[in-house]
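Residues per chain are reported as follows:
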Amino acid sequence: MLELMTTGVIALFTGLISSMLGIGGGVILVPTFNLIVGLPIRKAIGTTKFLILFTSTSSALAHFRFKRIDWKIGLILEAMAIPGSIIGVQLVQILQPAVLKLILGSILIIASINMARKKRGKSSHKTRKEGILKTKMITKDGKTYEYAFSVSRIITGLLLSFIAGLVAGITGLGGGVVNVPLMNLVLDMPIHISTATSSFMIMLTTPPTAAVHAMLNHIDYLKALVAIPGILIGTQVGGKIVGKVKSTTLKRMFAALITTSAIKMIYDGATMLGAI
């Protein structure tokens, strides 16, 4: 019973953070399911991937209502992210649990550095306006964003999107820890549009990998059923208040959380391999 209650609380917090930062929630769910709830690493990854179906869809709907999603660039990047995610989930069967822990821990460290950085690319409206795929967006709260892309940035974005999909498939993360920096720093998109579009992309990337995890019996459906209500509530609240919370404070708090989980995962993986 305590495990199920813990799962529900984790899900509510995950939904809130996921919607605000444009991630699937894997950076929270995988380590907490593995370290706190006690699921084996493959079950933690599979259950998380299943739940990301709900976090990403609910987050995308919340951002859709506020008109923050760039549908064009999201679909273009997904052309490479989906194949990457399918390849990544197959690698889960090959890699040992200890290796998975080390990979996930390393990725979480990178994610925490990104979250804690003082400068996270463009957060204002001053982005590139000359190039291809010119875009002008007016959000529900009255903000106007105009930007465009160079061909070289689009090509780089496609390559990195494939890597994001690969990471998502291997680790159970939604890919947002790569998607958001990719769009904000590489493609020079505004941060609010980046996080919203990331939620939309994760919604498209997740179904094929979740299906593979289901076939491999990597999903704990009881814990997933307990988590779903909290995720749905959290994502809707997060999508509503994201514009009112100071992003730097939230990112640093989040960075501290995932850094702690990352260090524990890397330690466990190294111990299992006999390195410690």
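Below is a summary of the structure that appears in this document. Just so it is clear, the model here is predicted, and its values are computed rather than measured. (Residues numbered from 1 in each chain as written. Predicted model: local features only at pLDDT ≥ 70, side-chain atom pairs only at ≥ 80, totals over all residues. Heavy atoms only, no water.)

### So, the pairing of strand β2 (residues 144–149)
We count it as follows: At least two DSSP bridges between two strands are required for those strands to pair. For helices the rule is a DSSP run of H or I covering at least 4 residues; for strands it is a run of E covering at least 2, with both sets numbered from the N terminus onward.
As judged from the 5 bridges shared by strand β1 (residues 132–138) and β2, these two strands associate in the antiparallel manner. Paired with Ile 138 across the strands is Thr 144, a residue of β2. The turn joining β1 and β2, which pair antiparallel and follow one another in sequence, is formed by 5 residues; a positive phi near 90° is taken by Gly 142.

### Topic: a nonpolar patch on the surface
Keep this limit in mind: Without a salt bridge and with relative accessible area above 30%, a residue can belong to a patch; like charges are then joined within 9 Å and nonpolar side chains (Val, Leu, Ile, Met, Phe, Trp, Tyr) within 5 Å. Here the open area of atoms and residues is found with the Shrake-Rupley method and a 1.4 Å probe, where only the protein chains shown may cover a residue. Salt bridges are counted wherever a side-chain nitrogen of Lys or Arg sits within 4 Å of a carboxyl oxygen of Asp or Glu.
A surface patch of nonpolar side chains, about 370 Å² in accessible area, is lined by Ile 132, Val 151, Ile 155 and Leu 159. One can find Ile 132 in strand β1.

### As for the side chain of Thr 47
Using the following cut-off: Partly exposed describes any residue whose relative accessible area lies between the buried limit of under 20% and the exposed limit of over 50%, with all areas from a 1.4 Å probe on protein chains only and scaled to the type maximum. Between N or O atoms, a polar contact is any pair within 3.5 Å; within protein, one atom must be a potential hydrogen donor and the other a potential acceptor, and residues adjacent in sequence are included only when both atoms are from side chains. Whether two residues are in contact is decided by their heavy atoms: any pair within 4.5 Å suffices.
In this structure, Thr 47 sits in helix α3 (residues 41–65). Under the relative-accessibility criterion, Thr 47 is labelled buried at 0%. At 2.8 Å, the side chain of Thr 47 forms a polar contact with the backbone oxygen of Lys 43. Beyond its immediate stretch of four places on either side in the chain, Thr 47 contacts Phe 33, Leu 39, His 218, Ile 219, Asp 220 and Ala 224.

### Some thoughts on the packing of helix α7 (residues 176–186) against helix α8 (residues 191–215)
Helices that pack against each other are described as a pair by the angle of their axes relative to one another and the distance between those axes. Here is the rule: Here an angle of 0 to 180 degrees is reported between the N-to-C directions of two axes, which are lines fitted to C-alpha atoms, with helices fitted over the stretch in contact. Angular relationships are summarised with four words: roughly parallel below 35 degrees, roughly antiparallel beyond 145, roughly perpendicular across 65 to 115, and oblique for the angles in between. Take the far helix as your reference; a near helix turned counterclockwise from it by less than a right angle gives a left-handed crossing, and one turned clockwise gives a right-handed crossing. The nonpolar class holds Ala, Val, Leu, Ile, Met, Phe, Trp, Tyr, Cys and Pro. Asp, Glu, Lys and Arg form the charged class, and all remaining residues, Gly among them, are polar.
The interhelical angle for the contact between α7 and α8, taken along N-to-C directions, is 140°, at an axis separation of 9 Å. Here α8 runs oblique to α7, going by the angle between their axes. Judged by the twist between their axes, the crossing of α7 over α8 is right-handed. Residues Gly 176, Asn 179, Val 180, Met 183 and Asn 184 of α7 pack against Ile 191, Ser 194, Thr 195, Thr 197, Ser 198, Met 201 and Ile 202 of α8. Here the contact of α7 with α8 is built from residues that sort into 5 nonpolar, 7 polar and no charged.

### Considerations on the nonpolar core
Here is a general trend for soluble globular proteins: nonpolar side chains tend to be buried in one another's company. Note the cut-off: Nonpolar cores are built from buried Ala, Val, Leu, Ile, Met, Phe, Trp, Tyr and Cys residues. Side-chain atoms within 4.5 Å join them into one set.
In this structure, Val 27, Val 30, Phe 33, Ile 41, Leu 51 and Leu 100 are the most contacted members of the largest nonpolar core, which totals 32 residues. Only α1 (2–21), α2 (26–37), α3, α5 (97–116), α6 (151–171), α9 (221–241) and α10 (247–272) provide two or more residues apiece to this core. In contact with Leu 51, not counting residues within four places along its chain, are Leu 29, Phe 33, Ala 224, Ala 227, Ile 228 and Ile 231. With 13 residues, the next largest nonpolar core counts Tyr 147, Met 183, Leu 187 and Ile 193 among its residues.

### Description of the packing of aromatic side chains
Where two aromatic rings form a pair, the distance of their centres and the angle of their planes describe that pair. Filter applied, for reference: Pairing of aromatic rings covers Phe, Tyr and the six-membered ring of Trp, with a centre-to-centre limit of 6.5 Å; geometry is then stacked below 30 degrees between planes, edge-to-face above 60, and tilted otherwise.
This model, assessed by the stated rule, comprises 5 aromatic pairs. Aromatic pair Phe 50 and Phe 54: ring centres 5.6 Å apart, planes at 70°, arrangement edge-to-face. Of this pair, Phe 50 and Phe 54 are both found in helix α3, 4 residues apart, which corresponds to roughly one turn of the helix. Residues Trp 71 and Phe 200 carry aromatic rings whose centres are separated by 4.8 Å and whose planes lie at 75° to one another, so their mutual orientation is edge-to-face. Within this pair, whereas Trp 71 is found in helix α4 (residues 71–94), its partner Phe 200 is found in helix α8, the two being separated by 129 residues in sequence. Relative accessible area serves as the criterion here: at 6%, Phe 200 is assigned to the buried category. An aromatic cluster is defined as three or more aromatic residues linked by ring pairs; in this entry it consists of Phe 50, Phe 54 and Tyr 221.

### What about the pattern of salt bridges?
Going through the model one piece at a time under the given rule, you end up with 1 salt bridge. A salt bridge links Asp 220 to Lys 223, with the shortest nitrogen-to-oxygen separation between them at 3.4 Å. Lys 223 carries the same exposure label as Asp 220, and that label is buried.

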